[in-house]
Amino acid sequence: MSCPPKSDDLVFFVNGRKVIERNVDPEVTLLNFLRKIVRLTGTKYACGRGGCGACTVMVSKHDPVSAKIRHFSITACLVPICSLYGAAVTTVEGIGSINTRLHPVQERIARSHGTQCGFCTPGMVMSMYTLLRNHLQPSEEQLMEALGGNLCRCTGYRPILESGRTFCVESTDCQKKRTGKCCLDLEGNDSSSLSRESDICTDLFVEEEFQPLDPTQELIFPPELLRMAKNPEKQTLTFHGERVTWISPGTLKDLLELKAKHPEAPLILGNTSLGPAMKSQGRVHPILLSPARISELSMVFKASDGLTIGAGCSLAQVKDILAEQVSELPEEKTQTYRALLKHLKSLAGQQIRNMASLGGHVISRHCYSDLNPILVVGNATLNLISEEGTRQIPLNDHFLAGLASADLKPEEILESVYIPHSQKWEFVSAFRQAQCQQNALADVSAGMRVILEEATDTIKELSLSYGGVGESTIGAHKSCQQLIGRPWNEPMLEEACRLLLEEVSLPGWAPGGRVEFKRTLVVSFFFKFYLEVLQELKKLDSHHYPEISDRFLSALEDFPVTGPRGVQRYQNVDSHQSLQDPVGRPIMHLSGLKHATGEAIFCDDIPMVDRELFMVLVTSTKAHAKIISIDLSEALELPGVVDVITAEDIPGTNGAEDDKLLAVDEVLCVGQIICAVVAETDVQAKRAIEKIKITYKDLEPIIFTINDAIKHNSFLCPEKKLEQGNIEEAFEKVDQIVEGEVHVGGQEHFYMETQRVIVIPKAEDKELDIYVSTQDPAHVQKTVSSTLNIPINRITCHVKRVGGGFGGKVGRPAVFGAIAAVGAIKTGRPIRLVLDREDDMLITGGRHPLFGKYKVGFMNNGRIKALDIECFINGGCTLDDSEQVTEFLILKLENAYKIRNLRFRGRACMTNLPSNTAFRGFGFPQGTLITESCITAVAAKCGLLPEEVREKNMYKTIDKTIYKQAFNPETLIRCWNECLDKSSFHSRRIQVEEFNKKNYWKKKGIAIIPMKFSVGFAATSYHQAAALVHIYTDGSVLVTHGGNELGQGIHTKMLQVASRELKLPMSYMHICETSTATVPNTIATAASIGSDVNGKAVQNACQILLKRLEPIIKKNPGGTWEDWIEAAFEQRISLSATGYFRGYKANMDWEKGEGDPFPYYVHGAACSEVEIDCLTGAHKKIRTDIIMDACCSLNPAIDIGQVEGSFIQGMGLYTTEELKYSPEGVLYSRGPDEYKIPTITDVPEEFNVSLLPSSQTPLTIYSSKGLGESGMFLGSSVFFAITDAVAAACKERDIVEDFIVKSPATPEQVRMACADRFTEMIPRDDPKTFKPWSIPIA
Ligand SMILES: Cc1cc2nc3c(=O)[nH]c(=O)nc-3n(C[C@H](O)[C@H](O)[C@H](O)COP(=O)(O)OP(=O)(O)OC[C@H]3O[C@@H](n4cnc5c(N)ncnc54)[C@H](O)[C@@H]3O)c2cc1C
Ligand code: FES
Ligand code: FES
């Protein structure tokens, strides 16, 4: 291969240090550069698409136009390193460190408990830090905006926001006033028994202890860069890579010359469109032209008739420019600017808005574009320039559709965009609806403009433009033309809708799906526009124009983005408890500060090992097929490729017979692993997988849906059944019977740290060291052992910390560990395997989708007498945990209700989809939705409120569960009553009803849900744990136990336990890692019992040690700890002890249908209130109150964090997280763009969590409870509040109650359920006449 020509030097700064890169490869991103070249691993990879914010860093540049330094956050995964010429990059390591000085942002996020697994934390820190570099005292709105592009899967965002709020203008010294009011003033507090108790705390941290923000301590912009910026080099810079050359001209003239010379070369600005496209299509542009140094493209001209904005301006700059115009000009002139501003607030996250350019946005012509429809109706003009000169073209549909006659010529570039002022009697509006409010691509976006004849309501000009409903932005020209001259009134509205639906037609199979919803939005948006204009007319001339009825006015308001507020309450420790004893106190996560500085090491942060190779997996593209041949030859010839690992290379067992590690002969799903490429670098390995040719022969049957599985009798295991009473007889005696269906979609774990493993073969005795991100290292160790056919004692698995697991890292890491181990043994070299987000989502499976049928018999007073539920879960192609999930589902279905006659049946379907697996709550969140839906159905039939039926049927006294385990509902009832009380439920129910009477297009809903959650595994052998505690001769203590740190704070809790037992401050103690060499044969850290069982083991070890020390202490009571340890050593007393907990007994006899499967229950209740927009399906979460019975919490900050985090994750399951599969079984949703986990803007506006005081459980360590999973189901209170609001809309519209429940309650579901004149207008397709874009698998 010929050597690339010599490149210019790329000069930029990282954390104040000059970087000169010679021979830089333009394909290298800043993220790769930071992590792999300069080894700054604080910046994380989590999606690679700009959608999660984990890789956020700050870039500072001198802005030639304003002559100021601009600091802005960006996502390093999308930034080509070459674009950084002359820039200063600041990473999380550059702002503070544990060893030197912490930055206040780092300190505060950690001390406010804003970190759990810590994987998102460096990104959060950098978003906040950048905000503070620009605004020393930001507003809360700015804080929300800054964090809108950062995802966190653990915390539920509240504590992160709280830490940021300490910098805000509104922040007060009073902790309690973080809520906006003193917590004692909050509505409903006075009446509650909780707040009346004097030992209730609401402070989880002490703001006064935070160090102040001192801007003089910040890194300055490097003077050398400032000099460079002030005397810019005019010469063209060229960086040659292996496949791509980056050319950055210094003048516009040179740029135009280059464009003429390389007309096919794209201009690269933010790379937010080009980058993802190149990645997903595997496309390479040999030449990239970077206009970053051309100041002409960043110019802004304000003229008397409009505004010209340089194409190189970022969308964030465009937002500021427009805001300035809006503040300077009269309202009538800024209609288009206001509409653009509205969408610029919700378009992507702040980082993308900082990077993406106006030119890139316009030229990318994405069909979902938020801005193009507005620019089209606003009559924007594109100013083009080439060597030939300048010319203008209209930004219209023809341009956006890419028609050659309306497009740029290849040698032209876009210099700027001209957006004219609007005028009097002109009205412009913008609309969009996405899966969630912020950081989500719109399903449909629209720009609408009308000019009326002066002082009349006659349409003079009308333009309507839609995004998301075709391959490009679409204009409704014909409809608009036909409406000219019509008065702005109801008949016009009717006619417009008819015309629009004809013109903006969308076929049933349209890509992106949600076809009927999109059709409905087309007309619903127009209706909103119609009302908006009427309202504006009314403002202009109140006599002349008709009044909009108050009931309809609610159609107009958009839901504002507001930061959540709330109070967290917990019981203070006993006043007699020693100050040194940390149990029960809100101690910060042990790694909190390290998370915040980026110094916490995750698996892929471990430096490269000598001779290390990278592994990439090759997966099946067929759902069910015979493998005819695998041709590896081309891949093996590529540079850097060392080997391809196939099933034949496995020395031992290739997984189980029906669940192979690497496919042999046959594949059972798209995404099944067939082989793995091993190469010197990740880039080489990724290039090689494209060259592997696999031929298949399709096999029958191919089953994806639960329905098809039932038809084909395709199940993974036998039916699980529990029965109580006499169901048939009971059905005979009831007043009414209702039958219904519940469909619950699956859920992706979306742990921020994807699956990762490093396998290092050692020189001797076939030993292997494995560093792996897992919840179950012993399982990885065992699987590697059987795969390699070597004894378990040669393999050591190490887990330092895991960047989120949620059940997804129980079983799967063993598969990746074993395949990587085969590669390591075959090549004799260390192997690193780091899954891309796309592969992780494709391969690993998630929560089981569920389909349930119920029949419920009840009396007219709402008392349920008989309940028969049959449910099916979609298990995917192998058994995995599906049998256990089915069992748990059935065992937990009754939730909090005592119904005398019950029959629960469940089966796991075998389908040709990736195998589904354990997920927080393990079947409970899906199954119990059926039970709660029955309650809602019964309430509807009886004309009662759901909460009345819930209360009526709840356990009231000590009783037996369906599996005949004794159950005492006392704390359950306390939680329920406390929640009713704390949330002022009954008065708010009345207010909700009042609101609904007054508003037709917006409806509120409120719901309260009780929860009885059983903790632990249903088998005794799972309830055991061990710990190893060493005391060293200096008195320091090393604690090791069998639990893994997943972010749930288990290590922190374990040291709290050790500290109490040894009566020694936590500062003496350390936990290094979880390792199979120190504590063997561990149980997966799952099922909420990690801290329980390991805590008991740690306690045991400490007690053994203390017992040994007792004689010494007795002899020298005034001595210090160090004295005693020294004496113990002298006296040959062992200072190391193994603790063991022979855990709870648990059993379940499925034959008899009885047992004691669970050691204890966690009780809780949640009340949520929402408001829905019946026209768009959007909702806003007004308030949530959670009461959780944590008994004597080991650490209230951690436990409240678990409750909040799991609640928000549950809320995601039930509202926004939707997996989409093609009819061929290919998962479409493989990244944060398509799969929407909650963002910071999704948290309820008021979010209160209280741990129930004064409850006890004798079984567990210090009477604490495991809260890892239970909060998940409480997220369903949001779902039922939405259902409640939808029911109110349906009632008003006389729509008969539908007993088919579908989760998640996406905007699509909500909009289509609120049927009205617009849903009636849309054309409906016969599903038999086309192949849909996606299929429902539940
Ligand atoms: C995570 C994420 C979320 C997003 N969310 C949204 C959203 O909610 N709504 C929405 O509307 N969009 C969204 N986008 C899309 C985003 O708005 C566009 O990707 C962005 O505006 C493109 O700008 P850029 O500067 O990055 O373009 P680049 O990727 O740098 O370039 C894109 C194309 O434009 C051409 N080009 C750029 N400038 C010029 C010029 N001056 N003259 C000629 N050609 C030029 C290039 O040749 C290239 O072909 C999102 C993108 C990401 C990554
Ligand atoms: S890794 Fe860069 S945004 Fe997700
Ligand atoms: S703490 Fe945010 S993702 Fe784990």
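Everything discussed here concerns the structure shown above.
Enquirer: Talk me through the sheet that holds strand β12 (residues 381-386); I want residue IDs and the actual numbers.
Expert: Pairing is antiparallel across the open sheet formed by 5 strands, whose spatial order is β10-β11-β14-β12-β13. Strands with a single pairing partner mark the edges of an open sheet, and in this sheet they are β10 (300-302) and β13 (389-394). Adjacent strand axes in the sheet meet at a mean angle of 20 degrees when their direction is disregarded. The sheet contact formed by β12 and strand β14 (residues 413-420) spans 5 bridges and is antiparallel. Paired with Thr381 across the bridge in β14 is Tyr418. Relative to the sheet, helix α9 (residues 252-261) contacts β12 and β14, its axis offset from that of β14 by approximately 115 degrees. Packed on one face of the sheet, helix α11 (residues 315-328) meets β10 and β11 (306-310) and runs near 165 degrees to β11.

Enquirer: An account of the site of ligand 1 is needed here, citing residue identities and associated values.
Expert: Around ligand 1, a shell composed of 34 residues is seen, among which Leu269, Thr272, Leu274, Ser357 and Asp370 lie nearest. Out of a free accessible area of 980 Å², ligand 1 has 94% covered by protein chains. Sorting the residues of the shell around ligand 1 by element identifies α14 (358-364) and β14 as the ones contributing at least two each. With 5 residues, the single largest contributor to the shell around ligand 1 is α14. Partitioning the shell around ligand 1 into residue classes produces 18 nonpolar, 12 polar and 4 charged.

Enquirer: Please give an account of the packing of aromatic side chains that cites residues and values.
Expert: When we look at a pair of aromatic rings, we describe it by the centre distance and by the angle of the planes. Counted by the stated rule, this structure contains 32 aromatic pairs. An aromatic cluster of at least three residues, connected via ring pairs, comprises Trp488, Phe526, Phe527, Phe529, Tyr530, Phe552, Tyr1000, Trp1001 and Phe1318. Above the plane of the ring of Tyr1000 lies Arg1293, whose end atom (NZ or CZ) is 4.1 Å from the centre.

Enquirer: Could you give an account of the nonpolar core, with specific residues and numbers?
Expert: The biggest cluster of nonpolar side chains holds 256 residues, and the ones touching the most others in it are Leu464, Tyr466, Trp488, Phe526, Phe529 and Tyr854. Setting aside its immediate chain neighbours within four residues, Trp488 contacts Val450, Asp457, Ile459, Leu462, Phe526, Phe529, Tyr530, Val533, Leu534 and Leu537. In terms of nonpolar packing, the next biggest core, distinct from the first, is built from 73 residues, Phe33, Phe239, Leu315 and Ala339 among them.

So, how was this worked out
- Residues numbered from 1 in each chain as written.
- Chains lettered and ligands numbered in written order.
- Predicted model: local features only at pLDDT ≥ 70, side-chain atom pairs only at ≥ 80, totals over all residues.
- Heavy atoms only, no water.
- Pairing = 2+ DSSP bridges.
- Helix = DSSP H or I, 4+ residues; strand = E, 2+ residues; numbered from the N terminus.
- Axes fitted to C-alpha atoms, helices over the stretch in contact; angles between N-to-C directions.
- Contact = heavy atoms within 4.5 Å.
- Near = heavy atom within 4 Å.
- Areas by Shrake-Rupley, 256 points an atom, 1.4 Å probe, with all protein chains shown as cover.
- Nonpolar A, V, L, I, M, F, W, Y, C, P; charged D, E, K, R; others polar.
- Phe/Tyr/Trp six-rings, centres within 6.5 Å; stacked < 30°, edge-to-face > 60°.
- Lys NZ or Arg CZ within 6 Å of the ring centre and 35° of its normal.
- Core = buried A, V, L, I, M, F, W, Y, C linked by side-chain atoms within 4.5 Å.
- Buried < 20%, exposed > 50% of the residue type's maximum accessible area, 1.4 Å probe, protein only.

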